[in-house]
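Topology and contacts: notes
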Amino acid sequence: MKYQLSLSIASLLCALSNTSQVVAAEKLFHGPYLGVEAGLDSSKHAGARDESLYLGGFAGYRHQFERGLVIGTEFAFGKNDYAAPAFGALEDVNIKHQWALSANIGYALGEAGSNLLFAKLGYAKVNFDALQRDSLSDALPVTINEGQLQIGGGYERYLSKRISLRLGIDYLGGSRSNLLPSLEEKLAKQVQGKVGVILNF
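Attention here is on the structure that accompanies the text. Worth saying up front: this structure is predicted, and the values here are computed from it rather than measured. (Residues numbered from 1 in each chain as written. Predicted model: local features only at pLDDT ≥ 70, side-chain atom pairs only at ≥ 80, totals over all residues. Heavy atoms only, no water.)

Right, let's talk about the overall build of the protein for a bit. Along the protein, the regular secondary structure elements total one helix and nine strands. The linear arrangement of helices and strands in the protein, starting from the amino end, is α-β-β-β-β-β-β-β-β-β. Counting only residues that meet the buried cut, the protein has 37% of its 201 residues in that class. Of the contacts formed within the protein by residues at least 6 apart in sequence, a portion of 63% connects residues at least 24 apart. In the form shown here, the protein has an accessible surface area of approximately 11400 Å², with 65% of it arising from carbon and sulfur atoms. (Helix = DSSP H or I, 4+ residues; strand = E, 2+ residues; numbered from the N terminus. Buried < 20%, exposed > 50% of the residue type's maximum accessible area, 1.4 Å probe, protein only. Contact = heavy atoms within 4.5 Å. Areas by Shrake-Rupley, 256 points an atom, 1.4 Å probe, with all protein chains shown as cover.)

Here the focus is a nonpolar patch on the surface. A contiguous nonpolar patch, built from L34, V36, L159, I163, L165, L167, V195, V197, L199 and F201 and spanning about 830 Å² of accessible area, is present on the exposed surface. Where the nonpolar patch is concerned, the elements lending two or more residues are β1 (31-45), β8 (163-176) and β9 (187-200). Along the polypeptide, L165 turns up in strand β8. Classification of L165 by relative accessible area gives partly exposed; the value is 36%. (Patch = residues over 30% accessible without salt bridge, like charges linked within 9 Å, V, L, I, M, F, W, Y side chains within 5 Å. Salt bridge = Lys/Arg side-chain N within 4 Å of Asp/Glu carboxyl O.)

As a further point, take the pattern of salt bridges. Under the criterion given, the structure shown has seven salt bridges. For K120, the salt bridge goes to E74, with nearest N and O atoms at 3.8 Å. Of this pair, K120 sits in strand β6 (residues 115-134) while E74 sits in strand β3 (residues 69-80), and the two are 46 residues apart along the sequence. With relative accessibility at 10%, the residue K120 sits in the buried group. For E74, a relative accessible area of 2% corresponds to the buried category. With its nearest N and O atoms 3.1 Å apart, the salt bridge here joins E74 to R166.

Moving on to the environment of G154. Its location among the elements puts G154 in strand β7 (residues 137-158). Under the relative-accessibility criterion, G154 is labelled partly exposed at 23%. In the structure, G154 is positioned 16 residues away from D170 in sequence and 8.8 Å away in space, judged by C-alpha atoms. G154 has contacts with L116, L117, F118, L167 and G168, leaving out every residue within four places of it along the chain.

For the rest of this paragraph, the subject is the nonpolar core. Here is a general trend for soluble globular proteins: nonpolar side chains tend to be buried in one another's company. Counting twelve residues, the largest nonpolar core is built from Y82, A84, L90, V93, I95, A100, A124, V126, F128, A130, I144 and L172. Among the elements of the structure, β5 (90-109) and β6 are those that each provide at least two residues to this core. (Core = buried A, V, L, I, M, F, W, Y, C linked by side-chain atoms within 4.5 Å.)

Each aromatic ring pair is described using two quantities: the centre-to-centre distance and the angle formed by the ring planes. Across all of its chains, the model carries five aromatic pairs by this definition. With a centroid separation of 6.5 Å and an interplanar angle of 80°, the aromatic rings of F29 and Y158 are classed as edge-to-face. Of the two residues, F29 is situated in the loop between α1 (2-25) and β1 and Y158 in strand β7; the sequence distance between them amounts to 129 residues. Taking NZ or CZ as reference, R62 lies 4.5 Å from the ring centre of Y33, over its face. The ring of F58 has R166 lying over it, and the distance from NZ or CZ to the ring centre is 4.2 Å. (Phe/Tyr/Trp six-rings, centres within 6.5 Å; stacked < 30°, edge-to-face > 60°. Lys NZ or Arg CZ within 6 Å of the ring centre and 35° of its normal.)

Quick look at the side chain of S102 now. Looking at the element boundaries, S102 is found in strand β5. At 3.1 Å, the side chain of S102 and the side chain of N104 are in polar contact. With sequence-adjacent residues up to four places away left out, S102 is seen in contact with G72, T73, E74, K120, L121, G122 and Q150. (Polar contact = N/O pair within 3.5 Å; in protein donor to acceptor, adjacent residues only side chain to side chain.)

The following block contains the structure:
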């Protein structure tokens, strides 16, 4: 009887050990991925604020460790409909596009590790189209770039072997606005709330 009980306990421990190894080996947020996202953008440049729709895409790679820690890097490219009538000699100012390169860190949570909380830190560049007018010539098209610090974070939910859903918020700011260099006190900043769909490989 004691022998059978000992054998049953040993078998149970062995089964639990095998199960834990399977769970530990299941890395749901590991490898390359592509995604698309959309959301709301609130931008302020040279003191002029505008709210608009943001559309973009992203690609990246991440590595998930045995204990659930996830690290990676991501490149994102997108556009919003920010527009301002004039900044001094500049007219019809619009955001042409923006891109960002970030380092990400997160942690997989939940019984199966299917929930990911993450944070990001990176560099972003915003590109503007505008018309520049002076007293001696007609308005000429110009392109202006602003480099920004990017800070963000969010939540990702594993849905299937290939698909994940992500909610996030990003802050871009910290630099002087290049739209009007004379307005040195005007800091550029953007806040973006986004929802995205991810294809994992």
